[in-house]
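Listed below, chain by chain, are the residues.
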Amino acid sequence: MYKNKYIHLFLLVSFGYSWLLWGSLYWWTDLPIMAIVISGAFGPSIAGFVTMYRLRGGEGVTHLFRKSVQFQMSWKTYVIPLLLVPFLFLVAYWWTDRSDALLVREPWWIVPYFLYMLFLGGAVQEEYGWRGYLLDALQSRLQPLLASLSLGVIWTLWHIPLSSWLEQFRRIYRFGHMD
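Since this is a predicted model, take the numbers as computed values, not measurements.

S.K.: How should I be thinking about the overall build of the protein chain in this particular structure?
M.R.: Across its full length, the protein chain carries 10 helices and zero strands. Listed by position from the N terminus, the elements making up the protein chain come as α-α-α-α-α-α-α-α-α-α. Buried residues in the protein chain amount to 33% of all 179 residues. Pairs at least 24 apart in sequence give 66% of the contacts found in the protein chain among residues at least 6 apart. Summing over all exposed atoms, the protein chain offers an accessible surface of approximately 11,800 Å²; the carbon and sulfur share of this is 69%.

S.K.: So what exactly am I meant to see when it comes to the environment of F65 here?
M.R.: Mapped onto the fold, F65 is located in helix α4 (residues 58-67). In this structure F65 comes out as partly exposed when scored by relative accessible area, which is 44%. Sequence-wise, F65 and F49 are 16 residues apart; in three dimensions their C-alpha atoms are separated by 9.3 Å. If we skip the residues at most four places from it in the chain, F65 touches F49 and Y128.

S.K.: Got a minute to help me understand the pattern of salt bridges in this structure?
M.R.: Between side chains of opposite charge, pairing is possible as soon as their charged atoms come close. In this structure the tally under the stated criterion is two salt bridges. R56 is paired through a salt bridge with E59; the nearest N and O atoms lie 3.3 Å apart. Exposure remark for R56: the relative accessible area of 27% places this residue in the partly exposed category. Given a relative accessible area of 55%, E59 falls into the exposed group. Notably, a salt bridge pairs D136 with K67, separated by 2.4 Å at the nearest N-O pair. Of this pair, D136 sits in helix α8 (residues 123-139) while K67 is found in helix α4, placing the two residues 69 residues apart along the sequence. The exposure class of K67 is partly exposed, given its relative accessible area of 28%.

S.K.: I would appreciate a short explanation of the confidence of the model for the protein chain in the present structure.
M.R.: Note that predicted coordinates carrying low pLDDT should not be read in detail. Averaged over the protein chain, the pLDDT score is 81; the fraction of residues at 70 or greater is 81%. In the predicted structure, residues 175-179 sits below a pLDDT of 50 and forms seven contacts with residues beyond four places in sequence or in another chain.

S.K.: Explain a nonpolar patch on the surface here, please?
M.R.: Together, I80, L84, F87, L88 and V91 make up an exposed nonpolar region whose accessible area comes to about 460 Å². Positionally, F87 belongs in helix α5 (residues 75-96).

S.K.: What am I meant to see in the nonpolar core here?
M.R.: One recurring pattern in soluble globular proteins is that nonpolar side chains are buried together. The biggest cluster of nonpolar side chains holds 32 residues, and the ones touching the most others in it are W130, Y133 and L134. Elements represented by at least two residues in this core include exactly α1 (4-28), α2 (33-40), α3 (43-56), α4, α8 and α9 (144-158). Discounting residues that sit within four places of it in the chain, Y133 has contacts with Y2, Y6, I7, F10, G48, T51, M52, L55, L64 and Y128.

S.K.: Quick question: what am I supposed to make of the packing of aromatic side chains here?
M.R.: Centre distance and the angle of the planes are the two values used to describe a pair of aromatic rings. The final tally for this structure, using the stated rule, is nine aromatic pairs. Their ring planes at 85 degrees and their centres at 4.7 Å tell us that Y26 and W27 sit as a pair that is edge-to-face. According to the relative accessible area criterion, Y26 is buried, its value standing at 16%. Using a relative accessible area of 54% as the deciding quantity, one classes W27 as exposed. Every member of this aromatic cluster is reached through a ring pair, and the members are F10, W22, W130, Y133 and W158.

S.K.: When you look at the packing of α8 against α9 in this model, what are you seeing that I'm missing?
M.R.: The description of two packed helices rests on the angle between their axes and on the distance between the axes. At a minimum axis distance of 9 Å, the contact between α8 and α9 shows a crossing angle of 140 degrees. Between α8 and α9, the angle falls in the class oblique. The two elements α8 and α9 cross, and the hand of that crossing is right-handed. Residue-level inspection shows E126, W130, L134, L135, L138 and Q139 of α8 in contact with α9, the latter providing P144, A147, S148, S150, L151, I154, W155 and W158. Class assignment of the residues belonging to the contact of α8 with α9 gives a composition of 10 nonpolar, three polar and one charged.

Rules used in this analysis
Residues numbered from 1 in each chain as written. Predicted model: local features only at pLDDT ≥ 70, side-chain atom pairs only at ≥ 80, totals over all residues. Heavy atoms only, no water. Helix = DSSP H or I, 4+ residues; strand = E, 2+ residues; numbered from the N terminus. Buried < 20%, exposed > 50% of the residue type's maximum accessible area, 1.4 Å probe, protein only. Contact = heavy atoms within 4.5 Å. Areas by Shrake-Rupley, 256 points an atom, 1.4 Å probe, with all protein chains shown as cover. Salt bridge = Lys/Arg side-chain N within 4 Å of Asp/Glu carboxyl O. pLDDT = per-residue confidence, 0-100. Patch = residues over 30% accessible without salt bridge, like charges linked within 9 Å, V, L, I, M, F, W, Y side chains within 5 Å. Core = buried A, V, L, I, M, F, W, Y, C linked by side-chain atoms within 4.5 Å. Phe/Tyr/Trp six-rings, centres within 6.5 Å; stacked < 30°, edge-to-face > 60°. Axes fitted to C-alpha atoms, helices over the stretch in contact; angles between N-to-C directions. Parallel < 35°, antiparallel > 145°, perpendicular 65-115°, else oblique. Left-handed = near helix turned anticlockwise from the far one by under 90°. Nonpolar A, V, L, I, M, F, W, Y, C, P; charged D, E, K, R; others polar.

Next comes the structure, spelled out in structure tokens:
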């Protein structure tokens, strides 16, 4: 079912959309870095929907949506992550930005940050592509461990532009000018 041409289409759309948008917005606009990151992060999900539409039509798109709302455990199982994740997010934020962090000055910001990360950041932006389409496609060809490791390598490569741009942003922010 998952032919190589569809896997290649997914990778082309995912990397192409994200990298072209990130590069264009980064080099030719004055948008804040987070706006650039957020806008380009939709590449994998867009690629997942485009690929599933090409592969199975509207039924494929519906399949991706349905996979995202499966609740196979008791509601009690979800309580711990829903309480633990905001706490861990807050600790990580304080740890990485202790000096004058927004969440230290105004802790109520944890709620919108958590909701963004839970529903939009990563989940909607990336997971319909990475886990919704590509993991299944790779598992149809590889053992689960190899499929997961391959996906991890692809995911890492997809993030390469952000690592260099964010480092440059950090240097500017820290020192006030480019070195």
